[in-house]
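# Commentary on secondary and tertiary structure
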Amino acid sequence: MFSRDYDIIVVGGGHSGCEAAAAGANLGKKTLLVTMNMQTIGQMSCNPAMGGIAKGQIIREIDALGGFSGEITDKTMIQFKMLNQSKGPAMWSPRAQSDRMEFAKEWRLKLESIENVDFWQDMVIDLVIKNQKITAIKTALGMTIKAKCVILTNGTFLNGKIHVGQKKFKGGRSGESASYGISEALKKAGFKTGRMKTGTPPRVDGRSINFNLLEKDSGDTKPKNFSFLNEYKITNQIPCHISYTNKEVHKILQQGFEKSPLFDGSIEGLGPRYCPSIEDKITRFKDKDRHQIFIEPEGRETCEIYVNGFSTSLPENIQNDALKKIPGFENVKLFRPGYAIEYDYFPPVQLYHTLETKLISNLFFAGQINGTTGYEEAACQGLVAGINAAFKIDKKDAFILKRNEAYIGVLIDDLVTKGTDEPYRMFTSRAEYRILLRQDNADIRLTPIAKKIGLASQKRIDRLDYKTNYIKEILNTLSSKNIGPDEINPYLESLGESTISRNTRLAKLLSRPNIKFKDIKNADAFKLFFQKNKIDLEAIEEAEILIKYSGYIEKEKENVEKFNRLESIKIPPDFNFEKIKSISSEGREKLKKIKPKTIGQASRISGVSPSDISVLLVYMGR
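If a probe the size of a water molecule is rolled over the atoms, the empty space left behind becomes visible. When its volume is computed, the second largest pocket comes out at roughly 1,200 Å³. Lining the second largest pocket are 35 residues, and of these K222, K224, L537, E538 and E541 lie nearest its centre. If you list the elements that add at least two residues to the lining of the second largest pocket, you get strand 4 (77-83), helix 12 (458-480), helix 15 (517-520) and helix 17 (537-548). Here the lining of the second largest pocket is composed, by residue class, of 13 nonpolar, five polar and 17 charged.

See the structure below:
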């Protein structure tokens, strides 16, 4: 008999819903995942890839906290790249091409392996709210299912509308129905809502592409992993390819602009600024004669190709004609056209940092319903919402990551403090403390937290203990042992480096920009260490970063201390901002709207000036 009473109900089976359901269930809560189609759990709706600039850091943070996006990416990747390696380590970002079908399959299998997760295929059409508290959901099949907490992770399905040229039809994703009822229930409960837009490129038949005319874009020769457990190693990577649009392509595309929903007023919602459609690119960058196109395989066993960089909602015949003018695409065959999709979202200033709504107790929002874009941003919100829903039931303290602790903390703080009126995307530039929030140390930062809350496996804990001890021993050796001129000077000369005239600390030598750990690992001081320990490249890389960037790291830690001082000054929940006449009108309005919990949060609200903060500090007795 189907149970009608759960601890947590998660609505939606995308990246956010998957992480939310897994977290809640692994924390001991009886969890139901409700999705309109169980065949699309963990579906990659857009590009078949995980990670990228700042997004890769988020996936590693999810992994360090006991989530599964990193593990599943490792298991299904067909190519790996560490981006931005020409820059400092704070900018290094892992990215993987994934096998789309295998990725969804592995998420389904992972969730099915968790004892506390149940599934139900149905559409949620209403929410049962009593005394400003959610108590149940109602479905299209006429069922009422009770829950202590509900997490909405509806992606682009809430009143979704798809646009292909002047054709418009209801849908949450190509070939799938939109979701109706939830938006109306939330509006009735008093939530403010808006519309957003995103888009996707056409998919084409790889057998019809002349790859000999394209640039090959191969993965790293020494690929790494997303998961710190390092359980899966990719061996046979598949290359991507690169081509470019040209003036002829642009001319054909422009012929369809009068039928473009982007320009005829059909689309109301704002699209992602940092992932524009090809129509946007041509319009905004008129001086550019060409735009780069990435040809990305959808998987190992399929000929379907994702045309990254060619997102469009133009008529399908225009898409087809323009594609055929791209070098290598002369005989291309379309599998399905690109399209734009509009959907409802709910401005995230209506949330606490736990992702629980301020209006309705025990109701959580995660993913694109909060105005974000991207699998990674959605997945980390699902994880945080799942943890906090479980904690709310157990009456535990809220799980909140600070801006200096994780990119996840930056993302959620940005959303609930500043809000967003366009699809939010994470960048390294959004993080003030990115030297501390590197992808290489996410486990050191966050796995102790995962252990404390009960989401870290013993294997993960053991791996972290081994890594931290390994790093400590290397750092001790570097900081305490010398190397002599006779031992190193011949090698320094071969590198064109200045030689040393006396015994020199290994750490001082390694702090030189052009000296790498591999250049000194054969020093006598390390012989005993490497006799006892196998080479751990991840731990060695971490130790090298700590030496080379020690000055920057210490400076950033000082900035964190200042940040934490403001974060420690609490603002009472019933504080009356109206009584402070010396605060600016805009500042007072924003403070009343957001209701910040700390002076630190108040200082990050757009429209609240430094002088407003000074006045608040006086009122707080500081």
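From this point, the narrative continues.
On to the nonpolar core. One finds I9, L111, L152 and I408 to be the most contacted residues of the largest nonpolar core, which totals 96 residues. Top contributing element to this core by residue count: helix 9 (residues 375-393), with eleven residues. In contact with I9, not counting residues within four places along its chain, are L32, V34, I137, I145, K146, A147, C149, V150 and I151. By size, the runner-up hydrophobic cluster in this structure holds 23 residues, among which are I500, A507, A523 and A539.

Tallied over the full model, the rule gives 43 salt bridges. The salt bridge involving K81 is made with D217; its shortest N-O contact spans 2.5 Å. In this pair, K81 is assigned in strand 4 and D217 in strand 14 (residues 215-217), connecting sequence segments 136 residues apart. Assessed through its relative accessible area of 16%, D217 is described here as buried.

A few words on empty space enclosed by the protein. In the structure shown here, the tally under the stated rule is four cavities of 30 Å³ or more. The volume enclosed by the largest cavity comes to roughly 60 Å³. In terms of lining residues, the largest cavity is bounded by L351, Y352, H353, K358, V416, I594, K595, P596, K597 and Q601. Of the residues assigned to the lining of the largest cavity, the class counts are five nonpolar, two polar and three charged.

The next subject is helix 19 (residues 585-594). Along helix 19, the positions that sit buried rather than exposed are G587, R588, L591 and I594. For helix 19, the buried positions fall inside an angular range of 145 degrees around the axis, keeping them on one side. Summarising the geometry of helix 19, the exposed residues directed more than 90 degrees from the buried face are S585, E589 and K593. On the buried face of helix 19, the contacting elements are helix 10 (407-418), helix 20 (599-603) and helix 21 (610-619). One or two residues past the end of helix 19 sits K595, with phi positive at roughly 55 degrees.

Strand order in the open sheet made by the three strands is 3-5-4, with antiparallel pairing throughout. Each end of this open sheet is capped by a strand with a single partner; those strands are strand 3 (49-51) and strand 4. Pairwise comparison of adjacent strand axes, ignoring direction, gives a mean angle of 15 degrees for this sheet. With three bridges connecting them, strand 3 and strand 5 (residues 93-98) associate as antiparallel partners. Bridge pairing in strand 5 places A49 opposite Q97. The strands touched by helix 3 (residues 69-76) are strand 3, strand 4 and strand 5; relative to strand 4, the strand with the most contacts, the crossing angle is about 115 degrees.

Spatially, the six strands line up as an open sheet ordered 14-15-16-17-13-18, and their pairing is antiparallel. Only two strands of the sheet have a single partner each, and these edge strands are strand 14 and strand 18 (334-336). When the angles between neighbouring strand axes are averaged without regard to direction, this sheet yields 35 degrees.

Checked against the element boundaries, I408 lands in helix 10. For the pair formed by I408 and K590, sequence separation is 182 residues and the distance between their alpha carbons is 24 Å. Dropping the residues within four chain positions of it, I408 is found in contact with I58, E61, I62, L65, C380, V384 and L401.

Here we come to the side chain of K55. Inspection of the secondary structure assignment puts K55 in helix 2 (residues 55-64). Non-local contacts of K55, meaning those with residues more than four positions away in its chain, are made with T373, G374, E376, E377 and R425.

Within this structure, the stated rule accounts for 15 aromatic pairs. Here the aromatic rings of F346 and F365 are separated by 5.9 Å at their centres, their planes lie at 50 degrees, and the arrangement is tilted. With a gap of 19 residues between them, F346 in the loop between strand 19 (339-345) and strand 20 (363-365) and F365 in strand 20 connect regions that are remote in the sequence. We classify F365 as buried; its relative accessible area is 1%. When the centroid spacing of 6.3 Å and the interplanar angle of 45 degrees are considered together, the rings of Y549 and Y552 count as tilted. Within the aromatic cluster, the residues linked to one another by ring pairs are Y466, Y470, F517, F526, F529 and F530. The aromatic ring of Y424 is capped on one face by R430, whose charged end is 4.2 Å from the ring centroid.

What counts, and where the lines are drawn
- Residues numbered from 1 in each chain as written.
- Predicted model: local features only at pLDDT ≥ 70, side-chain atom pairs only at ≥ 80, totals over all residues.
- Heavy atoms only, no water.
- 1 Å grid on protein atoms, 1.4 Å probe; cavity = no way out; pocket = protein on both sides within 12 Å on 5 of 7 lines; lining within 4 Å.
- Points joined across faces, edges and corners; volume = space filled by probe spheres on them.
- Helix = DSSP H or I, 4+ residues; strand = E, 2+ residues; numbered from the N terminus.
- Nonpolar A, V, L, I, M, F, W, Y, C, P; charged D, E, K, R; others polar.
- Core = buried A, V, L, I, M, F, W, Y, C linked by side-chain atoms within 4.5 Å.
- Buried < 20%, exposed > 50% of the residue type's maximum accessible area, 1.4 Å probe, protein only.
- Contact = heavy atoms within 4.5 Å.
- Salt bridge = Lys/Arg side-chain N within 4 Å of Asp/Glu carboxyl O.
- Arc of directions from axis to C-beta.
- Pairing = 2+ DSSP bridges.
- Axes fitted to C-alpha atoms, helices over the stretch in contact; angles between N-to-C directions.
- Phe/Tyr/Trp six-rings, centres within 6.5 Å; stacked < 30°, edge-to-face > 60°.
- Lys NZ or Arg CZ within 6 Å of the ring centre and 35° of its normal.

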